[in-house]
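What follows is each chain in one-letter form.
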Amino acid sequence: MASSTRDIKRKIRSVNSTMQITKAFELVSTAKLKRARDRMDITKPYFDTIQTAVHDILSADKSIKSKFVSSGHGVKPLYIVVTSDRGLCGGYNINAIKKAIENVTSKEDAKFFAVGKKAYDTLRQNGFNVIDSFLYISEKPEFLHAAQIAKSATSLLEKGEIDSIHLVYTRFVSTISQEATDLLLLPIERPAASESAQATEFVNYEPSAEEVLKYIIPKYVESTIYGGMIESSASEQAARRIAMENASDNAEDIIDDLTLYFNRARQAAITQEISEIVGGAEALK
Amino acid sequence: MGKKFKLDVVTPDRVFFEEETDMVIVKTTEGDIGILYDHEPLVAPLRIGSMRVRMEDQTFKWAACSAGFLTVSGDHVTVVVDSAEWVDEIDMERALEAKRRAETRIQEGPEKGTDLVRARAALERAINRIKLREVR
């Protein structure tokens with residue numbers, strides 16, 4: 001009996017120290033989440049402005065010709081998968097990776113850019129064609145990183161090694177909900193529905209519509225990747241906070257249960273000891 | 001003072017300017033253009049250069065901008081640039097340092113794996129900042 005109470009005590013101690021760690025993680029990611037959200041709020045207007053500008057140009061002028069604008073789906077897609085470098089964040093990484101390989105029909109044709117160690121490891125292990133990786137930047141993405149990724153992706157597209165670029169990132173819906181999203185970056189789909197609304201408005205392009213698009217589209221790719229990475233990093237912290245909160249709650253439950261067992265075992269030991277003493281005294285009479 | 005329109009200047013790391021003004025002058029790839037109220041709809045790429053915004057007291061406030069683009073639609077003007085700072089915000093030492101760095105990179109040339117296009121752009125940005133700071 002004595003050994004059993006000792007065992008339980010040891011278990012309680014171990015669960016307790018795990019709980020301390022998860023609690024600390026929770027606090028850290030709460031603080032990081034706040035910072036990541038602030039960053040997201042700052043970059044959001046830029047991101048939105050470019051998005052609207054590109055769509056306005058494309059919907060206002062139907063005659064624009066560019067190799068980056070077309071319809072129809074490609075057979076040689078490139079997926080840019082944004083995940084974290086570290087685990088312990090619930091389903092965050094695996095959801096993004098699953099989203100990326102959801103529509104992959106053949107492993108030979110699909111290429112991958114891994115942003116974050118988790119995507120790199122998982123995709124490599126499963127035999128996907130990871131042609132480039134960007135590690136240790138996903139927690140604090142800088143515009144420079146996004147520009148690099150955009151540059152190598154568009155150069156692949158220009159060489160014809162791929163025919164479409166998808167960005168897979170985790171959309172930040174709220175602090176308790178994040179959603180893995182697959183966004184088609186290039187070629188840009190022409191917005192079709194806006195024809196009636198403002199098609200009549202004449203927009204001037206200086207020097208020409210093609211020149212403007214040639215400049216804006218790389219910007220659009222860069223800023224969308226940047227926005228996606230910023231949003232993903234906020235989502236990562238939110239996911240980790242939730243995961244750690246659940247872990248701490250779980251640990252608390254386990255400790256409660258174990259304490260109950262411990263008390264029961266202790267009481268049983270005392271009762272047994274008393275009955276042994278009483279039995280011994282009876283026998284001496 | 002003429003009629004006013006809304007001017008937004010956004011960069012990746014902040015909303016730089018979000019107020020009403022009656023005139024802004026920016027440097028497009030074709031040269032400087034001034035935008036007044038009721039300008040026709042326009043989209044144009046911008047070069048590294050300066051931006052002038054006319055303030056309430058009719059003086060121009062100068063800012064250093066790097067590349068980006070400009071959209072004018074109705075009474076709303078949006079300038080999207082990679083970076084922007086008011087002239088009095090320019091960090092002279094940092095700009096000089098950036099200029100030196102870019103120059104050595106260009107001198108070392110491509111054999112050291114330098115991205116010449118990027119180094120030239122960095123040099124142009126640094127010179128733009130230094131020039132604006134000195135003149136204004």
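Above: the structure in question.
Predicted model only: the values in this text are computed from it and were never measured. Every chain begins its residue count from 1, and numbering advances along the sequence as written. Here chains are named by letter from A upward and ligands by number from 1 upward, in the order in which they appear as written. With the structure being a predicted model, the display of local features is reserved for residues of pLDDT at least 70 and the display and counting of side-chain atom pairs for 80 or more, all residues being used for whole-chain, interface and lining totals.

> Sorry, what's going on with the overall build of chain B here?
Helix and strand labels come from DSSP, where a helix needs a run of H or I of at least four residues and a strand needs a run of E of at least two; each type is numbered from the N terminus. A tally of helices and strands in chain B yields two helices and nine strands. Overall, chain B is about 55 × 25 × 25 Å in size when its C-alpha atoms are taken along their principal axes. Within chain B, the proportion of its 136 residues that are buried is 33%. By the criterion used throughout, residues are in contact when their C-beta atoms, derived from the backbone, lie within 7 Å. The contacts in chain B between residues at least 6 apart in sequence include a share of 51% that link residues at least 24 apart. Exposure is read from a count of other C-beta atoms within 10 Å of each residue's own; the residue is exposed at 12 or fewer, buried at 20 or more and partly exposed in between. C-beta atoms are placed from the backbone.

> Explain the overall build of chain A to me, please; I cannot follow it from the model alone.
Regarding its fold elements, chain A presents six helices and six strands. Each helix (α) and strand (β) of chain A, taken in turn from the N terminus, gives the series α-β-α-β-α-β-α-β-β-α-β-α. The burial tally for chain A puts 33% of its 285 residues in the buried class.

> For this particular structure, what's the right way to read unusual backbone geometry?
Among all residues save glycine, negative phi is the norm, and among peptide bonds the norm is trans. Residues and elements named next belong to chain A. Cis rather than trans, the peptide bond between L186 and P187 has omega equal to -10 degrees. Relative to the assigned elements, P187 resides in the loop between β5 (177-186) and α5 (195-198). A positive phi angle, near 55 degrees, is found at L88, a position not held by glycine.

> I keep staring at the sheet that holds strand β4 (residues 164-174) of chain A and nothing clicks. Help me out?
Whether parallel or antiparallel, the strands of a sheet pair through hydrogen bonds between backbone atoms. Residue and element names in this part refer to chain A. DSSP calls a pair of strands paired once it identifies at least 2 bridges connecting them. Judged by pairing direction, the sheet is mixed, and its five strands sit side by side in the order β3-β2-β1-β4-β5 without closing on themselves. Every interior strand has two partners, whereas the edge strands, β3 (129-134) and β5, have only one. With direction set aside, neighbouring strand axes in the sheet form an average angle of 25 degrees. In this sheet, β3 lies alongside strand β2 (residues 111-115) in parallel orientation, the contact comprising five bridges. Residue pairing in the sheet places K111 in a bridge with N129 of β3. Simply put, an axis is a line fit to the C-alpha atoms, just over the touching stretch for a helix, and the angle between two N-to-C directions goes from 0 to 180 degrees. Lying over the sheet, helix α4 (residues 143-159) contacts β1 (77-82), β2, β3, β4 and β5, oriented at roughly 165 degrees with respect to β1.

> Can you help me understand the packing of α4 of chain A against helix α6 (residues 209-284) of chain A in this one?
Think of two packed helices as two axes; the pair is described by the angle between the axes and how far apart they sit. All names here are of chain A. Two elements in contact, α4 and α6, have axes whose closest approach is 8 Å; the angle formed by their N-to-C orientations is 130 degrees. Taken together, α4 and α6 sit at an angle that is classed as oblique. Here α4 and α6 pass one another in a crossing that is right-handed. Judged by residue contacts, F143, A146, A147, I149, A150 and T154 of α4 engage P218, V221, E222, I225, Y226 and M229 from α6. Taken together, the residues of the contact of α4 with α6 sort by class into 10 nonpolar, one polar and one charged. Any angle between 65 and 115 degrees counts as roughly perpendicular, while under 35 counts as roughly parallel, over 145 as roughly antiparallel, and the rest as oblique. Less than a right angle of anticlockwise turn of the near helix away from the far helix marks a crossing as left-handed, whereas a clockwise turn marks it as right-handed. For this scheme, ten residues count as nonpolar: Ala, Val, Leu, Ile, Met, Phe, Trp, Tyr, Cys and Pro. Four count as charged, namely Asp, Glu, Lys and Arg, and the remainder, Gly too, count as polar.

> Explain the nonpolar core here, please?
One recurring pattern in soluble globular proteins: nonpolar side chains tend to sit buried together. Residues and elements named next belong to chain A. For the purposes of this analysis, a nonpolar core is taken to be any set of buried Ala, Val, Leu, Ile, Met, Phe, Trp, Tyr and Cys residues that are connected through C-beta atoms within 7 Å. Among the nonpolar cores identified, the biggest contains 92 residues, and I80, V81, F113, V115, V168 and I225 are the most heavily contacted of them. No other element matches α6, which puts 17 residues into this core. Residues contacting F113, with those up to four places away along its chain left out, are L78, I80, V81, I131, D132, I149 and A153.

> When you look at the interface of chain B and chain A in this model, what are you seeing that I'm missing?
The figure often quoted for interface size is the accessible area lost as the parts come together. Each partner contributes to the interface: chain B provides 19 residues, whereas chain A provides 21 residues. Counting residues per element, the side of chain B that touches chain A draws most heavily on strand β5 (residues 42-54) of chain B, at four residues. Residue composition of the side of chain B that touches chain A, grouped by class: 10 nonpolar, five polar and four charged. Sheet topology places strand β6 (residues 204-205) of chain A next to β5 of chain B; two bridges connect them, and they run parallel. Among the inter-strand pairings, Y205 of chain A is bridged to a residue of β5 of chain B, identified as V43 of chain B.

In short, geometric facts, not functional conclusions.
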